[in-house]
Every structure is written in C-alpha cells, then in structure tokens.
Amino acid sequence: MDSIFDVLIVGAGPAGLAAGLYAGRAMLDTAVVEGKGPGGQVILTHEIENYPGFAEPVSGAELAANMAAQTSRFNVTMLNSPVEELKLDGKIKEAITPEGTLKAKTIILATGVTPKMLAVPGEEKYIGRGVSYCATCDGAFYRGKRVAVVGGGDTAVKEALFLTKFAEHVWLIHRRDSLRAEIINQKRLLEHPKITPLWHKVVTEIHGGLKVTGVTLMDTRDQAVSTLDLDGVFIFVGRKPVGPLEGSGIHTDAEGYIITDENMQTNIPGVYAIGDIRHKAWRQIVTAVSDGAVAALSAAEYIQDNFQEDEK
Amino acid sequence: MIKNITASQFEQEVKQSDLPVLVDFWAGWCGPCRMMAPVLDEAAAELEGKMKVVKVNVDEEVSLAEEYEIMSIPTMLVFKSGEPVDMLVGFMPKSNLLAKLNQHI
C-alpha cells in the first residue's frame, strides 16, 4: 500500500521550505516535492538585505541552501519531481508526478511564479546570445558592455544596480515615467552615474546578427520609433503564477493567483496555498515564510480534527 | 559526479571524443546552474555509453567561455566530431533535456 503523508508540500522555495520546517517539527509525516532544485526565485537574487536575522546582505543562493538544510533536519522527505496534476476531491489528496502518485491528508501549494517574457520579435532567438532573465547569472559576461534593463519594478531596479558592477552603461527602459520599486533602490538608481532611465518607452524588437546588437524602442506617448545599440537586454517585466491547478477545483483570481483565507486554506478544506502563488498584496521572502508557518500549523490542526478518530 | 574539465583537457575530452559530448558551462554563484546540477547528474547516468557529459567552470576557464561566446549560464553545448552542433540555455527539466539530447544520439 502506498504511504500517505500527513502534509505534502508542492514547491521548495522559501514558503514551501518554511512550511516543511514547521510541519516536520510538529512531528507530522511531511514531504516537499519540487521539480527543480530547492530555492525558487530567491536563488536568482544576488544580495538580500531585508531578510531579518542577517545584519550583512546574504546571497539568495546561500539563504536558500540554509533554508533547505534547516528543513531537512526535521525528517522531511525531499522529492525531486515535477507535479503535473492534483486530485483534491477525496479525503486523501493526490499529486501526480511522472514517477507516480503521491498521497497526503493535506496539500500545501507553494508553486510560486515564473518571469514573464516580453513577447517581441528577436527575444527568443537571442536567449543566451544577449537576452537574459538573470543578471546574477549573466552580468559578469557583460564587463565593459552596453546593456539595458526592461521593466520598472523592484526586480528591474535591483538588477540594473547590480549590472553597474560590470557594464559600461545601463539603460533602464520603462513604459511609465515612475518606478514601482522600493524607495531606497529608486533613489540609488536615479542617482547612479552609470544608469540612464528611458521613460515612456517600450521595446518592440530585439535585433542582431549572431548576437544582440540593439533594440527598437517606441515612445508610448507619440509612437515615435528609435533604436538603441546594445550588447545585452535583461528583461524583468513581472511574473506570472505557475502550478498544476487545471482541473483541481482550486479558486484563483483573474490572474491565476490562489485565493485563501487568513489561515492559508483554499476553497478546498485541507488544501493550502502559500508564498508568491497566493493572492496577496506583498510578495517578499519574509511574507512567504510567514505564509508557510501559518499553513503548516493550520494543516496540523486540520489533521487533528479530521483524521484523529480514524486512526483510533 | 560529472567531471569538470580545463582548457588543456578540452581537446582530448571533447574535441577528440568518439561519443557526442554535452558541455555544461556553469559557475558556483549561478542559482539556475545549481538547480541544473542534479538534473545533469541523472541525465548523465541515463545517457551512459551514448553521450558524454562534462562541465566547464566559467570562472576558472575564462578562455573556453570566451572561445564559445558564452553569454548566459547555464549554457549547454552539444559537440559532435569536435564541433558545437546545438546550444541549450537556462534550466530545463530532465524530460526536456533528454528529448533535446536524444536528437543528437
């Protein structure tokens, strides 16, 4: 007979790892299943300076590795497999993977988000040849080069600042004339001698030969077209939710983020959603781990209330 | 464990190889490269005897990264008869990776 976990967590970013830590420490039979390595979006971040407990900035990769190690201390099973489908209508919930079906009394979804593409001509063609979605990974290849960052949110601003370590000059291309980033980083960006913001501009095409040589820009106010010669284009135009939700019966908002109550429970009892996949105002590492703790404690209570009798 | 090779070993290990070779360009500070590492370990085991898999650390082997114009990591190049014939960029799950690599076996 297949084993039935008390808590099955889908996704091993900060939210999923925190839920695993709390569930494991509560002596629940817990598994975390993840199709990629642990860490989630955090590992793409060069430096994190707003996660409490670290007086000096910590790298995303290091923070993620520490979180995974901490969760592993509490007998949590770590499974490396992508979840393709969820079956949530029975009392025992099921997650289907290429390696088989995982069963659990409760499921916590922590599948997160993935970066959006610009969807312009040339973008896909030049991935790895001048188009990048990870400044931490690729910044060092642009030493002394001309690069642009597309976007005006937190990530775009932080990555533009990071790229100044390597690039000769950084242009920030944004379709509005104001940023939606933390004030401290906005100030750093606007005062930076190596960064030039290009307001009211959208990229309509990325061009080049074997590698990127530039972009075509259009002004959003008068549709004026211009070009900018570049060696690299870094794209940070937001993220979209990901997860095997189709046919699961889980309620989401119009954008696909999962709606929960304050205990992180979805419309299906015993099924929770945490971290960036959840419909909420602020997506931070610290809010993700908070969601994880709340969901694990809620799941423990749900198991107590709904399964205790069966096992007597 | 997949072997990390140096520029001086590249000729022997990659260019002179009888089998096709997958070369993974990576670095320790690259998150997606770390994610890719266990996937590559599993893929290498499954490809045993059909394709060779090696790694190049771009920090230590700058000349190789420059020669093959690596601009993003992880980048994986497929070599056949000493020439690069395909380029895969970024993290991908094992099933996608194997589907792409099977075209070269």
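These figures come from a predicted structure and were not determined experimentally. (Residues numbered from 1 in each chain as written. Chains lettered and ligands numbered in written order. Predicted model: local features only at pLDDT ≥ 70, side-chain atom pairs only at ≥ 80, totals over all residues.)

### Details of the overall build of chain B
So, point 1. Across its full length, chain B holds 4 helices and 4 strands.
So, point 2. When the helices and strands of chain B are listed from N to C terminus, the series reads α-β-α-β-α-β-β-α.
So, point 3. What you see for chain B is a C-alpha radius of gyration of 12 Å, in line with the 13 Å of a compact globule of 105 residues.
So, point 4. With the C-alpha coordinates of chain B rotated into their principal frame, the extents come out at 30 × 30 × 20 Å.
So, point 5. For chain B, the proportion of its 105 residues judged to be buried stands at 41%. (Helix = DSSP H or I, 4+ residues; strand = E, 2+ residues; numbered from the N terminus. Rg over C-alpha atoms; globule rule 2.2 N^0.38 Å. Buried ≥ 20, exposed ≤ 12 C-beta atoms within 10 Å, placed from the backbone.)

### A short note on the overall build of chain A
So, point 1. Looking only at helices and strands, chain A features 6 helices and 17 strands.
So, point 2. On C-alpha atoms alone, chain A measures out to a radius of gyration of 22 Å, which is about the 20 Å that the 2.2 N^0.38 rule sets for 312 residues.
So, point 3. Principal-axis analysis of the C-alpha atoms gives chain A an extent of 70 × 40 × 35 Å.
So, point 4. For chain A, with 312 residues in total, the buried portion stands at 48%.
So, point 5. For chain A, long-range pairs separated by at least 24 residues make up 62% of all intrachain contacts whose partners lie at least 6 apart in sequence. (Contact = placed C-beta atoms within 7 Å.)

### Remarks on the domain arrangement of chain A
Note on interface size: it is often stated as the accessible area lost on association of the parts.
So, point 1. The assigned domain composition of chain A is domain 1 (4-114 + 239-311) and domain 2 (117-235).
So, point 2. Each of domain 1 of chain A and domain 2 of chain A has a C-alpha centre, and these two points are 33 Å apart. (Domains from an automatic or database assignment.)

### As for the nonpolar core
Residue and element names in this part refer to chain A.
So, point 1. If you look at the biggest cluster of nonpolar residues, it comprises 123 residues, and the most contacted ones within it are Leu8, Ala19, Ile108 and Val149.
So, point 2. Among the elements that make up this core, the one with the highest residue count is helix α6 (residues 285-311) (9 residues).
So, point 3. The two domains that each donate at least three residues to this core are domain 1 (4-114 + 239-311) and domain 2 (117-235). (Core = buried A, V, L, I, M, F, W, Y, C linked by C-beta atoms within 7 Å.)

### Considerations on helix α4 (residues 154-163) of chain A
So, point 1. Extensive coverage of α4(A) is indicated by the burial of 8 of its 10 residues.
So, point 2. The secondary structure elements touched by the buried residues of α4(A) are α3 (135-138), β9 (146-150), β10 (169-173), α5 (183-190), β11 (195-198) and β15 (232-235) of chain A.

### A word on the environment of Thr213(A)
Residue and element names in this part refer to chain A.
So, point 1. Relative to the helices and strands, Thr213 resides in strand β13 (residues 212-219).
So, point 2. Taking the C-beta count within 10 Å as the criterion, Thr213 has 15 such neighbours and is therefore assigned partly exposed.
So, point 3. For the pair Thr213 and Leu228, spaced 15 residues apart in sequence, the C-alpha to C-alpha distance is 8.6 Å.
So, point 4. Apart from the residues lying within four places of it in its own chain, the contact partners of Thr213 are His207, Gly208 and Asp229.

### Focus on the interface of chain A and chain B
So, point 1. The interface is formed by 21 residues belonging to chain A together with 18 residues belonging to chain B.
So, point 2. Among the elements that take part in the side of chain A that touches chain B, α3(A) stands out by supplying 3 residues, more than any other.
So, point 3. Split by residue class, the side of chain A that touches chain B holds 9 nonpolar, 9 polar and 3 charged. (Nonpolar A, V, L, I, M, F, W, Y, C, P; charged D, E, K, R; others polar.)

### Comments concerning the packing of helix α2 (residues 31-47) of chain B against helix α4 (residues 94-102) of chain B
Residues and elements named next belong to chain B.
So, point 1. Packing of α2 against α4 brings their axes to within 10 Å, and their N-to-C directions diverge by 40°. The angle between the axes of α2 and α4 places the two elements in the oblique class. When you trace α2 past α4, the crossing you get is right-handed. Here Val39, Glu42, Ala43, Glu46 and Leu47 of α2 lie close against α4, whose contacting residues are Lys94, Leu97, Leu98 and Leu101.
So, point 2. Residues belonging to the contact of α2 with α4 are distributed by class as follows: 6 nonpolar, no polar and 3 charged. (Axes fitted to C-alpha atoms, helices over the stretch in contact; angles between N-to-C directions. Parallel < 35°, antiparallel > 145°, perpendicular 65-115°, else oblique. Left-handed = near helix turned anticlockwise from the far one by under 90°.)

### Structural notes on the pairing of strand β4 (residues 83-89) of chain B
All names here are of chain B.
So, point 1. The pairing of strand β3 (residues 75-80) with β4 spans 6 bridges and is antiparallel. Paired with Leu77 across the strands is Met87, a residue of β4.
So, point 2. Taking the residues that link successive antiparallel strands as the turn, the β3-β4 hairpin has 2 residues, and the phi of Ser81 there is positive, at about 50°. (Pairing = 2+ DSSP bridges.)

### Notes on unusual backbone geometry
So, point 1. A cis amide bond links Ile73(B) with the next residue in sequence, Pro74(B), at an omega value of 0°.
So, point 2. The backbone of Met264(A) shows a phi angle near 75°, a positive value even though the residue is not glycine.
So, point 3. Along the chain, the position of Met264(A) falls in the loop between β16 (239-241) and β17 (271-273).

### Thoughts on the packing of helix α1 (residues 14-25) of chain A against helix α2 (residues 60-72) of chain A
All names here are of chain A.
So, point 1. Relative to each other, α1 and α2 sit at 20°, their axes nearing to 8 Å. When the axes of α1 and α2 are compared, the pair comes out roughly parallel. When the axes of α1 and α2 are compared, the crossing they make is left-handed. Contacts between α1 and α2 involve Pro14, Leu17, Gly20, Leu21 and Gly24 on the former and, on the latter, Met67, Ala68, Gln70 and Thr71.
So, point 2. Tallied by class, residues from the contact of α1 with α2 come to 5 nonpolar, 4 polar and no charged.

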